[in-house]
Amino acid sequence: MRVYVTGNIAVDETWAIPDIPTKGSSIHGNKTSQDIGGKGANQAILLSRCGVETVLIAAVGNDSNGRWIREKMRAEPLRLLPDFLFPCHSDTSIIFNSADGDNAIITTTVAADSLGLPDITQALTDAAPGDVLLQQGNFSLEKTRSLFELAKSRGMTTVFNPSPVKSGFAQLWPLVDIAILNQHEAALLRPAGVKMLVVTHGAQGAWLNTLDTQRFCPATSAAVVDTTGAGDTFLAVMLASALLRETQIDELALTHASKAAAITVSRPGTFSAFPKAAELSALLHG
Ligand code: ATP
């Protein structure tokens, strides 16, 4: 059993600046970190660190960032496809943190948008019935729908984390076996008829809804430093826990997920905050 994650991979650059620049201004700033980012990459990295066979299908550009991304991903226990570089800059998120605690973020999607259906179909050549296709909200509605239809035609299990939200995503519920959303996304998209639905509520915890039951799993308390990446950690570890035990998403999967998310929120950054493989192994098998 293998999980195919289709989505984006990016370079996250964080800058400290005195204030958010106004139109026409020129300011000094300090680049404070550079890490791997993108929801597709985050979720694939965490799934693979849990010991799940993982293929990340994401576009990397043919620039120096692209070569850096490939080098960083070689250290992770996953396969990154397509194995060629796209003729564009790699996707980047530039996060500006101003001295007064405000922020502004610029994100490019050119590389993710360049990843065509033929590239993804090629990368899914070996996908078999029972394998999983996991998607987030970074692709267009049409591309997301086509990939779920392809997965269904192959007998794959479909998992959807519709973040960032596009309103049309509400049309896709009939194609989704497992959905995981935060409470704001759930209010916008009103998932209906999904066999397995998980709605996360930040520091409170998460609801697991099947067609006939509802269970609440409280969050694991943590000394919170930075909550970015909590959702990706929760999703990946929840899915891995169920897949490794060859069971449906259950309360134990949510408990494992909330313990892993508590590690992520207790550390600064996103990629650098994610639990390591040894931590995840102790958590899942301890
Ligand atoms: P993200 O900030 O990564 O976009 P999200 O909005 O997708 O997150 P949340 O509902 O905020 O998802 O959080 C997902 C899970 O992470 C929660 O169900 C909880 O288990 C854990 N979590 C989030 N915030 C905290 C916190 N402050 N303390 C402990 N656990 C937390």
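Residues numbered from 1 in each chain as written. Predicted model: local features only at pLDDT ≥ 70, side-chain atom pairs only at ≥ 80, totals over all residues. Heavy atoms only, no water.

Labelled according to an unreviewed UniProt entry, the protein chain appears under the name Ribokinase, originating from Erwinia typographi. Listed in UniProt under the heading Subunit (unreviewed entry), the comment for the protein chain reads: "Homodimer." The UniProt entry for the protein chain carries this comment under Function (unreviewed entry): "Catalyzes the phosphorylation of ribose at O-5 in a reaction requiring ATP and magnesium. The resulting D-ribose-5-phosphate can then be used either for sythesis of nucleotides, histidine, and tryptophan, or as a component of the pentose phosphate pathway." (UniProt positions renumbered as here; feature names shortened; annotations may be inferred.)

Trainee: What exactly am I supposed to notice about unusual backbone geometry here?
Mentor: Where the residue is not glycine, phi is negative for most of them; where a peptide bond is considered, it is trans in most cases. In this structure, the amide linkage connecting Leu 81 to the following residue, Pro 82, adopts the cis form with an omega of -5°. Relative to the assigned elements, Pro 82 resides in the loop between strand E5 (79-81) and strand E6 (91-98). For the peptide bond that leads from Ser 163 to Pro 164, omega is 0°, which places it in the cis range. Following the sequence through the fold, Pro 164 ends up in the loop between strand E9 (157-160) and strand E10 (178-182). Of note in this structure, Arg 190 is not a glycine but carries a positive phi near 40°. Along the chain, Arg 190 turns up in the loop between helix H6 (183-189) and strand E11 (196-200). We note that Glu 246 has phi near 50°; this positive angle belongs to a residue other than glycine. (Helix = DSSP H or I, 4+ residues; strand = E, 2+ residues; numbered from the N terminus.)

Trainee: Mind showing me how you'd approach the sheet that holds strand E1 (residues 3-6) here?
Mentor: Whether parallel or antiparallel, the strands of a sheet pair through hydrogen bonds between backbone atoms. Pairing within the open sheet is mixed, and its nine strands lie in the order E5-E4-E1-E8-E9-E10-E11-E12-E13. Unpaired on one side and paired on the other, E5 and strand E13 (214-218) mark the two borders of the sheet. On average, adjacent strands in this sheet sit at an angle of 15° to one another, irrespective of strand direction. Note that E10 and E11 share five bridges and pair parallel. Across the sheet, the residue bridging to Ile 178 is Met 196, located in E11. (Pairing = 2+ DSSP bridges. Axes fitted to C-alpha atoms, helices over the stretch in contact; angles between N-to-C directions.)

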